[in-house]
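Here is how the chains run, residue by residue.
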Amino acid sequence: TGAGGGPAAPAGLPDTIAHASEGGGNTVNITIDDGPDPRWTPQVLDVLARHDVKAVFCMIGPQAKAHPELVKQVVAAGHRLCDHTMNHDTTMDKKPVAYQEAQILDAKRLIEEAAGGGAKVEYYRAPGGAFTPDSRRIAAAHGMRPLGWNVDTKDFGRPGTAAIVAAVKREMGNGPTVLFHDGGGDRRQTVDALDQVLTWLKDQGRPTGFPVRTAP
Ligand SMILES: [Zn+2]
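Quantities reported herein were computed from a predicted structural model and do not represent experimental measurements.

Parameters at a glance
- Position numbers for residues count from 1 along each chain, tracking the sequence in the order it is written.
- Predicted model: local features are reported for residues with pLDDT of at least 70 only, side-chain atom pairs are reported and counted for 80 or more only, and whole-chain, interface and lining totals are derived from all residues.
- Water and hydrogen atoms were dropped before computing side-chain values, which therefore reflect all heavy atoms in the structure.
- Aromatic rings from Phe, Tyr and Trp, taking only the six-membered ring of Trp, are treated as a pair when their centres fall within 6.5 Å; an angle between ring planes under 30 degrees marks them as stacked, one over 60 as edge-to-face, and anything in between as tilted.
- In this scheme, a residue with accessible area under 20% of its type's maximum is buried, one over 50% is exposed, and one in between is partly exposed, where area comes from a 1.4 Å probe on protein chains only.
- Every axis corresponds to a line fitted to the C-alpha atoms, with the helix fit spanning only the stretch in contact, and the corresponding angles, defined between N-to-C directions, vary from 0 to 180 degrees.
- Where helices and strands are cited, they refer to DSSP runs of H or I of at least four residues and of E of at least two residues respectively, numbered from the N terminus.
- For this classification, under 35 degrees means roughly parallel, over 145 means roughly antiparallel, 65 to 115 means roughly perpendicular, and everything else is oblique.
- Contact between two residues is taken to exist if any of their heavy atoms lie within 4.5 Å; hydrogens are not considered.
- Charged means Asp, Glu, Lys or Arg here, nonpolar means Ala, Val, Leu, Ile, Met, Phe, Trp, Tyr, Cys or Pro, and polar covers whatever is left, Gly included.
- A donor here means an N, O or S atom no more than 2.8 Å from the metal, or no more than 3.2 Å when the metal is Na, K or Ca. Since water is not included, a site may seem to lack partners.
- Working note: the arc is built from the helix axis to C-beta atom directions.

With respect to the packing of aromatic side chains
Enumeration according to the criterion identifies one aromatic pair in this entry. Ring geometry for Y124 and F131: centres 5.6 Å apart, planes at 90°, overall edge-to-face. A relative accessible area of 15% means that F131 is categorised as buried.

If you want it as structure tokens, here you go:
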């Protein structure tokens with residue numbers, strides 16, 4: 001098995017954008033973007049550990065290289081890795097294929113080098129959702145399932161902890177994959193909101209799991 005208890009990358013991974021959960025039913029996928037960050041990633045890891053929840057961390061390549069100890073902690077805790085490119089260019093869908101390929105594959109290499117131990121990056125999430133058919137194909141060909149989201153908590157804009165929690169409760173019917181951030185600025189609201197959301201999900205009887213990688 002690969003990193004985070006996931007399967008080794010199969011040939012012919014789908015290049016469509018995944019939203020569903022491996023767990024099926026009413027399972028929820030928690031995804032954490034734009035890290036790792038030395039201040040906030042440890043706090044997010046603490047919240048997840050307290051709730052015994054596994055998540056997907058969509059990391060930016062140079063940040064993974066700068067903080068390999070955080071990448072190793074993410075993997076050791078049983079979470080999964082996701083490639084969030086080198087430069088978080090939300091207009092990369094307008095750029096040449098060679099640029100997209102370098103953004104994706106350079107970040108994959110840096111994240112896997114930081115993780116060590118043969119850990120694999122299992123998903124690819126385009127910055128700002130700027131996927132293209134080419135970027136999806138490149139990711140899938142390298143063992144990374146394109147990963148979307150259904151619930152944007154809007155935590156990045158710091159609307160207040162209560163607003164972040166309310167967004168999850170309001171939009172959870174959209175689908176199972178929820179987007180949070182552990183990088184890109186002060187993430188105190190995210191840390192607090194994630195704690196409350198995980199308590200709420202448990203009260204709702206909703207388990208957490210990982211997004212699908214392979215076809216059912
Ligand atoms: Zn992002």
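Having put the structure on the table, let's press on.
Some remarks on the packing of helix α1 (residues 41–50) against helix α3 (residues 68–76)
Running from N to C, α1 and α3 point in directions that differ by 10°, and their axes come no closer than 11 Å. Viewed along their axes, α1 and α3 adopt a mutual orientation that is roughly parallel. For the pair α1 and α3, the contacting residues are T41, P42 and L45 in the first and L70, Q73 and V74 in the second. Looking at the contact of α1 with α3 residue by residue, the classes come out as four nonpolar, two polar and no charged.

Brief notes about the coordination of the zinc ion
Here the zinc ion is held by D34 (OD), H84 (NE2) and H88 (NE2), and the distances to it run 2.1 Å. We note that the donor set of the zinc ion lies within a single chain, spaced as D-x49-H-x3-H. Residue D34 is located in strand β1 (residues 28–35), and its partner H84 is located in the loop between β3 (80–83) and α4 (97–115); the two are separated by 50 residues in the primary sequence. Judged by its relative accessible area of 6%, D34 is buried.

Details of α1
Here α1 has its buried residues at T41, V44, L45, V47 and L48. Down the axis of α1, the buried set is contained in an arc of 160°. They therefore lie on one face. The exposed set on the far side of α1, more than 90 degrees from its buried face, consists of A49 and R50. Check the buried side of α1 and you find it contacts β1, β2 (56–59), α3 and α7 (188–203).

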